[in-house]
Amino acid sequence: MKESTEDRRPALYLYTPDVDFVRPYFERLMPDLLITESPEAAETAVMLSTVDVYDVSAGTNFNELTPLKRDCGHVSDENGFIGQCKECGLKPTILRCAPIVGTGMAGMPRELAEKIYRGTFIGISGNEARRSVVHAVSLPDAARAVMATGGIFNVTDTVDPSFNDLAEALAWRIAQKRIFYMKPKWFSLLFGKKRLINESVTLTFSCEKLRSFSGFDPVSTVDYLKTHVYDQASL
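Quick caveat: nothing in here was measured; it's all calculated off a predicted structure.

**Let's talk about the nonpolar core**
At step 1: Among the nonpolar cores identified, the biggest contains 46 residues, and F26, L48 and L95 are the most heavily contacted of them.
At step 2: No other element matches helix α5 (residues 163-173), which puts six residues into this core.
At step 3: The contact partners of F26, leaving out residues within four places of it in the chain, are L12, L14, I35, L48, L139, P140 and A143.
At step 4: Listed in part, the 11 residues of the second largest apolar core include A11, L34, C85 and L90.

**Focus on the pattern of salt bridges**
Close approach of charged atoms lets side chains of opposite charge pair.
At step 1: Enumeration according to the criterion identifies six salt bridges in this entry.
At step 2: One salt bridge connects E78 with R96, and the closest N-O pair in it is separated by 2.8 Å. Taken together, the residues span a long stretch of sequence, with E78 in helix α2 (residues 73-88) and R96 in strand β5 (residues 92-97) at a distance of 18 residues. R96 shares its class with E78; the two are buried.
At step 3: Among the ionic pairs, R110 bridges to E114, the shortest N-O distance being 3.1 Å. You can see R110 and its partner E114 sitting in helix α3 (residues 107-118), four residues apart, about one turn around the helix.
At step 4: A relative accessible area of 40% places R110 in the partly exposed class.

**Quick word on the packing of aromatic side chains**
At step 1: Under the criterion given, the structure shown has eight aromatic pairs.
At step 2: With a centroid separation of 6.3 Å and 50° between ring planes, the pair formed by F121 and F163 is classed as tilted. Taken together, the positions of F121 in the loop between α3 and β7 (122-124) and F163 in helix α5 put the pair 42 residues apart, joining distant regions of the chain.
At step 3: Among the residues examined, F163 registers a relative accessible area of 6% and is labelled buried.
At step 4: Seen in terms of ring centroids, F187 and F191 are 4.7 Å apart; in terms of plane orientation they differ by 50°. Their pairing is tilted. With F187 and F191 both in helix α6 (residues 184-191) and four residues apart, this pair spans about one turn of that helix.
At step 5: Members of the aromatic cluster, each reached through a chain of ring pairs, are Y13, Y15 and F81.
At step 6: Positioned above the aromatic ring of F191, the side-chain terminus of R195 is 4.2 Å from the ring centre.

**Some points on helix α4 (residues 139-146)**
At step 1: Along α4, the residues classified as buried are L139, P140, A142, A143 and V146. Here the buried residues of α4 occupy an arc of 160° about the axis, which is enough to place them on one side.

**Notes on the environment of I94**
At step 1: Looking at the element boundaries, I94 is found in strand β5.
At step 2: For I94, a relative accessible area of 1% gives the class buried.
At step 3: Residues I94 and L112, 18 residues apart in the sequence, show an inter-C-alpha distance of 26 Å.
At step 4: If near-sequence neighbours (up to four positions away) are discounted, I94 is found in contact with M47, S49, E78, F81, I82, G151, I152 and F153.

**Notes on the pairing of strand β1 (residues 11-15)**
At step 1: When you tally the buried positions in β1, you get four out of five residues, the bulk of the element.
At step 2: As paired strands, β1 and strand β2 (residues 34-36) are joined by three bridges and run parallel to one another. Within the sheet, the bridge partner assigned to A11 lies in β2 and is L34.
At step 3: Between the parallel elements β1 and β2, the chain passes through helix α1 (residues 23-29) in a crossover that is right-handed.
At step 4: As paired elements, β1 and strand β3 (residues 44-50) share four bridges and run parallel to each other. Across the sheet, L14 pairs through a bridge with V46, a residue of β3.

The rules behind these values
- Residues numbered from 1 in each chain as written.
- Predicted model: local features only at pLDDT ≥ 70, side-chain atom pairs only at ≥ 80, totals over all residues.
- Heavy atoms only, no water.
- Core = buried A, V, L, I, M, F, W, Y, C linked by side-chain atoms within 4.5 Å.
- Buried < 20%, exposed > 50% of the residue type's maximum accessible area, 1.4 Å probe, protein only.
- Helix = DSSP H or I, 4+ residues; strand = E, 2+ residues; numbered from the N terminus.
- Contact = heavy atoms within 4.5 Å.
- Salt bridge = Lys/Arg side-chain N within 4 Å of Asp/Glu carboxyl O.
- Phe/Tyr/Trp six-rings, centres within 6.5 Å; stacked < 30°, edge-to-face > 60°.
- Lys NZ or Arg CZ within 6 Å of the ring centre and 35° of its normal.
- Arc of directions from axis to C-beta.
- Pairing = 2+ DSSP bridges.
- Right-handed = clockwise from strand over helix to strand, strands pointing away.

Dropping the structure here:
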């Protein structure tokens, strides 16, 4: 059995391209494992990839068999990770995450949060579009559930909140900010039809493979944002 050069905890090689902000969640919530950036010293290997690998822009419940984008950097990262694992005798586990919400978040959730914080975000009245997301606190459980067997799994919070519910939850987390809403007609006139369509489209992914395989039970991102009591020790 391979041993860590630092201590005797089993080592998990965690590869987090573009989402390094999640590493503290793993280190805090998986204290029995040594989270390492070296595959040579590890006994298990997990990559946090993204649902952005899929060649889709609207629709519901896309699973792991959905066609991938061509010339996608994330797909190249996955292939590189698989190659590393094979060289080191590890079973590669790839978690294709929905947009991740958490401290230090990036991408769509960060852009939305920054607009809300600045007071520049305007919602669309009656917007029923839903988006898959996942909170970072759920990712260590997802990894632990499948890292011994390997494979590729989508990861969401399974709730797929409406865009407006997600915005409201982020606003609550950001000093209980209030959001101004505008009817679609006026929103389109002010911001353009393209933006109206982009913010009114549903895009969700299926997490059933992971859940059926492991019993994975993630937290609701919206509920966590609204109910978790943050303190100095919180991530």
